[in-house]
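Descriptive structure summary
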Amino acid sequence: MLPVHAQAPQPVDIRIGLITRQLPPPTVFEFDPVPEDVGLAGGRLAVRDNNTTGQFTGHRYSLEEETLEEGQDAVAAARSLVARGAGFLVVNLPADELLSIADALKGENVVLFNVRAPDDRLRGADCRSNVFHMAPSHAMLTDALAQFLAFKQWRRLFLIVGPQRGDKLYAEAMRRAARKFGLVIAADKPWEFGPLARAKADSPTTAEALVFTRGVDYDIAVVADEAGDFGDYVPFRTADARPVAGTQGLIATTWHPTFEVWGAAQAQSRFQRAADRLMRPLDYQVWMAVRAVGEAVTRNKATDPGEMKKFMSGAGFALPAYKGVSLSFRPWDQQLRQPLLIVQPRFMVSVAPEAGFLHQRTPLDTLGFDQPETACRLQ
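Keep in mind the model is a prediction, meaning the values are calculated, not measured. (Residues numbered from 1 in each chain as written. Predicted model: local features only at pLDDT ≥ 70, side-chain atom pairs only at ≥ 80, totals over all residues. Heavy atoms only, no water.)

Considering the nonpolar core
Counting 49 residues, the largest nonpolar core has Val 90, Phe 113, Met 134, Met 288 and Met 312 as its most contacted members. Of all the elements, helix α8 (residues 281-300) adds the most residues to this core, at 11 residues. When neighbours within four sequence positions are excluded, Met 312 is seen to be in contact with Val 111, Phe 113, Phe 132, Ala 292, Ala 296, Phe 317 and Phe 329. Within the second largest apolar cluster, 28 residues are counted, among which are Leu 141, Phe 148, Leu 149 and Ala 171. (Core = buried A, V, L, I, M, F, W, Y, C linked by side-chain atoms within 4.5 Å. Buried < 20%, exposed > 50% of the residue type's maximum accessible area, 1.4 Å probe, protein only. Helix = DSSP H or I, 4+ residues; strand = E, 2+ residues; numbered from the N terminus. Contact = heavy atoms within 4.5 Å.)

Below you can see the structure in the form of structure tokens.
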């Protein structure tokens, strides 16, 4: 018991900023609308988790949320958060805005976490030393899927590519993954029929996909449709009885509501109680970013962002995240190594890396760009 005149030391405050952009207004009816608090709910749960440990280690964590309206400057918002004491920024923005923030804060004692942008260039020629990546890259997502297809010996792919920039980036990563794991692109066609997944007007006998897929010898169709405009329209409308994978159908992802092993069921339940909904991949990625700060502070017993950056890049950092193994960052591009789930809409199918895909360091490095391949030069 403390003497009457003694006072318990004040906890050390650790401020984490979260920058996101306001979602567009919903349509009159949407089958699976994105929750307004997507990502935010994951960060809020992680702060509570951090503070559970922090009450014993003398640390107090807070999450300062900055939701940008259309046209609002992301760099200005980031500078404001840093001015208010945030040493860590969780950034839920596209690649170009993430790079703008990273460049504006170069030289500042701040660590950024990319929880959204999958662009491979962020881990390559456009990598930044102040950015850690919680979101998997396009290369990781397509490598995970390609490993499963190789394991199943579904080697002939029909690649269907949407018109959006993200679709083309995903498709390019899929072509690379096919070469890497010995798959064959039997056909590679652009989708030119518009967002039919939202129209729901034609029948299977008149479907555009029926004619579009006719006359091709393939094992599985792979759709590149990050906006969800047509990917869900393709299954059961192809000319032949073939499965569909890629950005819709069978997908690779960080998290899924049916994932229950390695303690994930507990995390699912805690999140559902806190947010009154199921956890989405973005929630999980934000949760990991905030938890990475807490784990680094606890293990390294320091709170300075610069010290945390060095520690997280090193071999001593490990993040428990309900994946069966502790996660770590690749030192050459600061991408989080992690198993990826191979799932269909209502069931988990597999976990990548698949058995038999070996690596001299860790099988996790079979997903994405390995050190000899990287174009990243961190400075």
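Things to note about the side chain of Arg 123
Position of Arg 123 relative to the elements: it lies in the loop between β4 (111-114) and β5 (131-133). Setting aside anything within four residues of it in sequence, one finds Arg 123 in contact with Asn 114, Ala 117, Pro 118, His 133, Ala 135, Pro 136, Ser 137, Asp 333, Gln 335, Thr 374 and Cys 376.

Let's talk about the pattern of salt bridges
Inspection of every chain in the model, using the stated rule, returns 26 salt bridges. Across the pair Arg 291 and Glu 295 runs a salt bridge whose closest N-O atoms are separated by 3.0 Å. Taken as a pair, Arg 291 and Glu 295 lie in helix α8 at a separation of 4 residues, close to a single helical turn. For Glu 295, a relative accessible area of 12% puts it in the buried group. Salt bridges here are not isolated pairs; linked through shared partners, they connect Arg 330, Arg 337, Arg 361, Asp 365 and Asp 370. (Salt bridge = Lys/Arg side-chain N within 4 Å of Asp/Glu carboxyl O.)

Considerations on the sheet that holds β4
Across the sheet, which stays open at both edges, the 5 strands sit in the order β2-β1-β3-β4-β5 with parallel pairing between neighbours. The open sheet terminates on both sides in strands that have one partner only, identified here as β2 (59-68) and β5. Taken over all neighbouring pairs, the strand axes of this sheet differ in orientation by 25 degrees on average, direction set aside. Both strand β1 (residues 12-21) and strand β3 (residues 86-91) contribute to a ladder of 5 bridges, which runs parallel. By the bridge assignment for β3, Gly 17 is matched with Leu 89. Of the strands in this sheet, β1, β3, β4 and β5 touch helix α3 (residues 95-104), which is tilted by about 175 degrees from β4. (Pairing = 2+ DSSP bridges. Axes fitted to C-alpha atoms, helices over the stretch in contact; angles between N-to-C directions.)

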